[in-house]
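Structural overview
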Number of protein chains: 2
Amino acid sequence: MTRLIKRLSHSKKLAWCKSNIILKNDFSFDMNISELGEFGLIDRISSNIKTMNPSTKTGIGDDAAIIFANGDEVTLVSTDMFMEGIHFNLVYVDMMHLGYKTAMAAMSDIFAMNAMPSQMLVSIALSHRFAVEDVDAFYDGVKRACGKWNVDVVGGDTTSSLTGLAVTMTCIGHAKEAEIVKRSGAKDTDLICVSGDLGAAYMGVQILEREKSVYYQQIRDIQQKYSDKEIQKKHIDALLFNPEFSGKEYLIERQLQPEARGDVINTLREIGVHPTSMIDISDGLASELMHICKASGCGCRIFEKSIPIDYQTAVAAEEFNMNLTTCALNGGDDYELLFTVPIGDLSKVENREGIKLIGHITKPQYGAVLVTRDDNEFQLKAQGWHEKK
Amino acid sequence: MTRLIKRLSHSKKLAWCKSNIILKNDFSFDMNISELGEFGLIDRISSNIKTMNPSTKTGIGDDAAIIFANGDEVTLVSTDMFMEGIHFNLVYVDMMHLGYKTAMAAMSDIFAMNAMPSQMLVSIALSHRFAVEDVDAFYDGVKRACGKWNVDVVGGDTTSSLTGLAVTMTCIGHAKEAEIVKRSGAKDTDLICVSGDLGAAYMGVQILEREKSVYYQQIRDIQQKYSDKEIQKKHIDALLFNPEFSGKEYLIERQLQPEARGDVINTLREIGVHPTSMIDISDGLASELMHICKASGCGCRIFEKSIPIDYQTAVAAEEFNMNLTTCALNGGDDYELLFTVPIGDLSKVENREGIKLIGHITKPQYGAVLVTRDDNEFQLKAQGWHEKK
């Protein structure tokens, strides 16, 4: 088991940068989980977890968590599963970032309902190759993410795995029923908006994958150069992984440490905009737009030139010889918000920093259409986009 | 991938019996998941799921489920993770029983709070070896279990796995706050009760493991007898697995198709008993007693002779040359309820069918004690029991 571990600063920000990245060929921690036992592990986890949200009545320590809702509020529940090798690669994701990202992804679903997250249940299945310190780091990441939005860790499950690491996050939120925004409320002529920019996390993972390949090549070179296994190991252990992230810091951070856009929810409330539909962009803009169109029974028309893309994303797409719009449409892990607002709210959302108008809702018979920079029209597909017939 | 698949009757009861068990050496279904696509799979799952619980406002189909609680009720949330090879073995657990059992296990946690389950979020991570029909069978099991207790499937996650199958069930329930029973309320002189009987599911898994070994031996014999791979395969494919479950049906059923004891919760309400503490027995009586003693700050004294054990369990323990009490104390998967009631409720619970008095709560300094049939005293441990010092 090989992975990169960054010496994480204990500052609030878990910034990834090109320095201080150390390659470890195996885990070399003090204590393994079986030494501590299940009771001990749960005690260790729960002793560091305090609850603070007023809707939390009882957290960890019983068969179920107990949660209050104010008289006029409903409870929202969402659950996400993250599998090693599918959703994350421990070669370049450390446990703290994994905890942070999975918690943020779960909160993102609650924000996408125009609600505020309040509780989190954290389940993790670990194989024996993990140490107690890994679990600590994972929960540290979860707590940092939850702490940003006053979300209490109120329960979960800690179990063994014979194979890969598996994480399930269940996030609970509350909102007044009238405040909730579903996927199904978009109407003809509504404006389509996205927060932030798209495709950066996707380019981030391309870079991390490339750096992983470079590192694996170095290992293969050592294995070819030295036949003695001991000497091989010595050289591999001494390998310092020093990936070149200069000028790509934003992309790496977007991939490893995404932020759920609760701030956008707050902004919309402040400016008095109540979206007609909303979804978070976890699987790519195209796929999420299709969800809104399907749930709302409508079509949409978005403009390639309006899709918000960061400069670093554009440079990286060029470097990888990838189509930038495809990256923005289909690249996952953005965790931005996609929402529609009535046309009457145009003045409230246009030119608003961090919110970009990318098109408008149409009647269902027009389908989901992308208008390219050269005014060609393409039919959007859940994955990819194809020439309109 | 080898496993046993039973032709499941579509009757309400998914009884396992010795007949009709067919061994399949591989999956031979019509449709694989990638053919259907993620959108198609989610549509397929959700189209068969109807909600009926009045507290369910919106189920599958958005970023989060929306749940109401009555004005004076609180919401309870519990989550459980089940990993292939750790919690279940697909060699002898089919997908329908897996769905049924994992859903029952999740509901059991809500019952253990003296609450009624109302919603379920179902997450499953599948590798490419599974077919759409497997997913259908899994959800069929989930729905049968949930249907028994009027629980709505309101969401979840369906994702890929590179390795084993992983399932996470999140169960939501509601109760008036005053009704809730925690682990922490047991007091000196309270009576300790358990529902049903213990150790049967543990003996069930011993039998299934033995049958699996027998079957694997048959395969090895064929492999030794025939050198030609084609002929080997033909004989292995033709192998009919016919395990001897006669007289052990109860044990097999307890392992593969446990029932969460909502009926006991209803009985306790009917007879006017409000437990002072409660927990469900998923990891063995000893471990759960320790949880109650720790949470309540008390000791306990239970009597070996009072531990309820089924006749089939006793016979099987004899057959496997195992200590019966150890099986009942430490065997998992019982999903019975362990609870304490005030001594004043003695007349209400004694001689009540399906409820067994096994001991009483003591002051903390006495520890957790098992009194054996020959009046020796042992200190209970979370796993196993050791001579008292």
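Our subject is the structure listed above.
Residues numbered from 1 in each chain as written. Chains lettered and ligands numbered in written order. Predicted model: local features only at pLDDT ≥ 70, side-chain atom pairs only at ≥ 80, totals over all residues. Heavy atoms only, no water.

So, about the sheet that holds strand 5 (residues 73–83) of chain B. Spatially, the 6 strands line up as an open sheet ordered 3(A)-4(A)-5(B)-8(B)-6(B)-7(B), and their pairing is mixed. At either end of the open sheet lies a strand with only one pairing partner, and these are strand 3 (56–58) of chain A together with strand 7 (152–160) of chain B. The sheet shows a mean angle of 20 degrees between the axes of neighbouring strands, direction not considered. Across the sheet, helix 2 (residues 95–111) of chain B touches strand 5, strand 6 (116–126) and strand 8 (166–176) of chain B, and the angle it forms with strand 8 of chain B is around 35 degrees. (Pairing = 2+ DSSP bridges. Helix = DSSP H or I, 4+ residues; strand = E, 2+ residues; numbered from the N terminus. Axes fitted to C-alpha atoms, helices over the stretch in contact; angles between N-to-C directions. Contact = heavy atoms within 4.5 Å.)

What follows covers the interface of chain B and chain A. Facing 60 residues of chain B, the contacting portion of chain A comprises 59 residues. Buried area between chain B and chain A, summed over both chains or domains, comes out near 4700 Å², and the portion from carbon and sulfur atoms is 59%. If you sort the residues of chain B by the area they bury against chain A, B:Phe39, B:Asp63 and B:Met81 come out on top, with a joint share of 16%. In this structure, the connection of chain B to chain A is made through 2 salt bridges. At the surface where chain B touches chain A, the tally comes to 15 residue pairs in polar contact (both at pLDDT 80 or more). Looking at the side of chain B that touches chain A, its residues break down into 27 nonpolar, 18 polar and 15 charged. Taken together, the 3 bridges between strand 4 (residues 65–67) of chain A and strand 5 of chain B define a ladder with antiparallel strand orientation. In the strand pairing of strand 5 of chain B, A:Ile67 is matched with B:Thr75. (Buried area = accessible area lost by both parts, 1.4 Å probe. Salt bridge = Lys/Arg side-chain N within 4 Å of Asp/Glu carboxyl O. Polar contact = N/O pair within 3.5 Å; in protein donor to acceptor, adjacent residues only side chain to side chain. Nonpolar A, V, L, I, M, F, W, Y, C, P; charged D, E, K, R; others polar.)

In this section: the packing of aromatic side chains. All names here are of chain B. Under the defined criterion, the tally for this structure stands at 6 aromatic pairs over all chains. Ring centres of tyrosine 215 and tyrosine 216 lie 6.0 Å apart, and the angle between their planes is 50 degrees; this geometry places the pair in the tilted category. For tyrosine 216, a relative accessible area of 29% puts it in the partly exposed group. (Phe/Tyr/Trp six-rings, centres within 6.5 Å; stacked < 30°, edge-to-face > 60°. Buried < 20%, exposed > 50% of the residue type's maximum accessible area, 1.4 Å probe, protein only.)

Here we take up the sheet that holds strand 3 (residues 56–58) of chain B. With respect to topology, 6 strands assemble into an open sheet ordered 7(A)-6(A)-8(A)-5(A)-4(B)-3(B), the strand pairing being mixed. The open sheet has two edge strands with one neighbour each: strand 7 (152–160) of chain A together with strand 3 of chain B. This sheet shows a mean twist of 25 degrees between the axes of neighbouring strands, independent of strand direction. Pairing geometry for strand 6 (residues 116–126) of chain A and strand 7 of chain A, over 8 bridges, is parallel. Within strand 7 of chain A, the position partnered with A:Leu126 by the bridge is A:Ser160. The sheet contacts of helix 2 (residues 95–111) of chain A involve strand 5 (73–83), strand 6 and strand 8 (166–176) of chain A, and relative to strand 8 of chain A the element is tilted by about 35 degrees.

Our next topic: the relation of the copies chain B and chain A. Superposing chain B onto chain A requires a rotation of 180 degrees together with a translation of 0.0 Å along the rotation axis, leaving an RMSD of 0.1 Å. Taken together, these values place the two copies in the relation of a two-fold axis. When each C-alpha of chain B is compared by its distance to the rotation axis, B:Gly71 comes out closest, at 2.9 Å. Same-surface contact between copies: 98% of interface residues of chain B are shared with the interface of chain A. (Least-squares fit on C-alpha atoms with pLDDT ≥ 70 in both.)

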